[in-house]
Amino acid sequence: MSSMRYSIITPVYNREDCVTRCIESVIRNVRPGIELEHIIVDDGSHDETADIVRRYADRYSHIKFIQFPENRGTNAARNAAVMAAHSDFCILLDSDDYFVNDAVAYIDSVVSVSKYRAYMFAPDDMVGYYEKNAILSGESSKILTFRNFLHKDIGGDFIHCISTAILKENPFDEGLRVFEAVFFLRFFKESQEMLFTNRVVVIRERSRKDSVTRTMIASNKKTIEKYYEANLLRYNWFLDDYVNMGELSSFASLLNLLLYYSLLLRKHCETTKWYGELRRLNLPIDKINLVLFKTGLGGGYLWLMKFYFIFKYGIMRRKLS
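Just so it is clear, the model here is predicted, and its values are computed rather than measured.

Undergrad: Kindly report on the nonpolar core, identifying the contributing residues and their values.
TA: Residues Met-120, Leu-144, Phe-149, Phe-158, Phe-187 and Leu-255 are the most contacted members of the largest nonpolar core, which totals 61 residues. When neighbours within four sequence positions are excluded, Phe-149 is seen to be in contact with Met-120, Leu-144, Ile-154, Phe-158, Leu-185, Phe-188 and Met-194. Counting 24 residues, the second-largest nonpolar core is a separate cluster that includes Tyr-6, Ile-8, Ile-159 and Cys-161.

Okay, structure coming up:
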């Protein structure tokens with residue numbers, strides 16, 4: 001039997017319609033010999049979510065409930081859960097997702113016989129992507145590296161089981177939402193090697209109208225500011241890694257993103273900085289960036305994007321309703 005302890009981390013906000021499904025899926029995964037706790041952080045919900053979670057916490061000793069008096073964002077909720085965790089590993093499980101019945105037992109069967117600090121498993125909606133990815137396809141298990149993600153050989157996302165110590169030492173930025181990739185890249189840098197196992201352990205609901213991802217389309221100034229901040233974190237945290245590993249093509253892509261968002265936001269000093277760095281390093285500049293830089297039409301282009309996305313996602317919302 002394994003002596004591992006797992007903390008399942010679930011932030012929740014106004015999910016009275018589905019949080020029970022998530023909680024019950026963890027209850028079904030409780031097994032003798034596998035110690036786990038389910039830390040649920042209510043992020044200032046206005047519906048019945050907190051009452052539902054509290055009733056479960058009163059009944060089941062493995063459920064730990066933290067309640068914010070007001071909404072602080074997903075990353076703040078994750079940080080609070082991680083800081084309260086008493087475990088070797090944290091498993092991140094969103095409130096609108098749920099475990100398959102043997103998820104934790106299977107995760108434990110992998111973790112307990114290996115020595116990695118970060119593990120990745122499959123959600124049901126990513127299986128098709130894994131099959132098409134040259135690195136992930138074929139084998140059921142694969143050792144991935146920090147460089148694979150720095151170079152963007154692998155995109156998409158995973159169900160993460162990560163060393164609690166790594167998460168405590170590298171908290172999520174509470175000012176950003178959705179931009180998990182940049183934070184996970186920092187976790188991967190700490191781990192260097194991660195084990196991916198292509199086994200579905202979580203079922204995810206991705207058609208919700210209140211999905212956070214749907215609220216972060218780059219079509220307005222506030223959202224684009226967040227995209228800029230996330231890429232600036234990537235630049236500040238991993239600049240030396242791009243240089244030392246000779247990842248110039250990936251670094252060029254990052255600089256072009258910074259240039260693009262600064263052009264849209266009319267950040268003149270930053271625009272000059274990123275354009276100058278691309279020139280200094282003799283890296284290619286995207287055509288759209290050259291046009292916007294030379295014409296100064298970044299703000300106008302942002303307006304065009306806004307109307308485009310209003311039209312595009314207006315149609316999508318009608319299809320979902």
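Having seen the model, we can carry on.
Undergrad: If you had to explain helix α1 (residues 19-27) to someone new, which residues and values would you point to?
TA: Taken together, the buried positions of α1 are occupied by Val-19, Cys-22, Ile-23, Ser-25, Val-26 and Ile-27. Those residues of α1 that are buried lie in contact with β1 (5-12), β2 (35-42), α2 (49-59), β3 (63-67) and β5 (97-99).

Undergrad: Requested: an account of the packing of helix α9 (residues 221-244) against helix α11 (residues 268-280), with residues and values cited.
TA: The N-to-C vectors of α9 and α11 enclose an angle of 45 degrees; their axes lie 14 Å apart at closest approach. Relative to α11, the element α9 is oriented oblique. Judged by the sense of rotation from one axis to the other, the crossing of α9 with α11 is left-handed. Residues Tyr-228, Leu-232 and Tyr-235 of α9 form the contact with α11, whose participating residues are Glu-270, Trp-274 and Glu-277. Classifying every residue of the contact of α9 with α11 by side-chain character gives four nonpolar, no polar and two charged.

Undergrad: Lay out the pairing of β2 in plain terms, naming residues and giving numbers.
TA: In terms of residue burial, β2 counts as a mostly covered element, since seven of its eight residues are buried. Inspection of the sheet shows β1 paired to β2 by eight bridges, in the parallel sense. From the neighbouring strand, Ile-9 faces β2, where its bridge partner is Ile-39. Between β1 and its parallel partner β2, the chain crosses via α1, and the hand of that crossover is right-handed.

How each quantity is defined
Residues numbered from 1 in each chain as written. Predicted model: local features only at pLDDT ≥ 70, side-chain atom pairs only at ≥ 80, totals over all residues. Heavy atoms only, no water. Core = buried A, V, L, I, M, F, W, Y, C linked by side-chain atoms within 4.5 Å. Buried < 20%, exposed > 50% of the residue type's maximum accessible area, 1.4 Å probe, protein only. Contact = heavy atoms within 4.5 Å. Helix = DSSP H or I, 4+ residues; strand = E, 2+ residues; numbered from the N terminus. Axes fitted to C-alpha atoms, helices over the stretch in contact; angles between N-to-C directions. Parallel < 35°, antiparallel > 145°, perpendicular 65-115°, else oblique. Left-handed = near helix turned anticlockwise from the far one by under 90°. Nonpolar A, V, L, I, M, F, W, Y, C, P; charged D, E, K, R; others polar. Pairing = 2+ DSSP bridges. Right-handed = clockwise from strand over helix to strand, strands pointing away.

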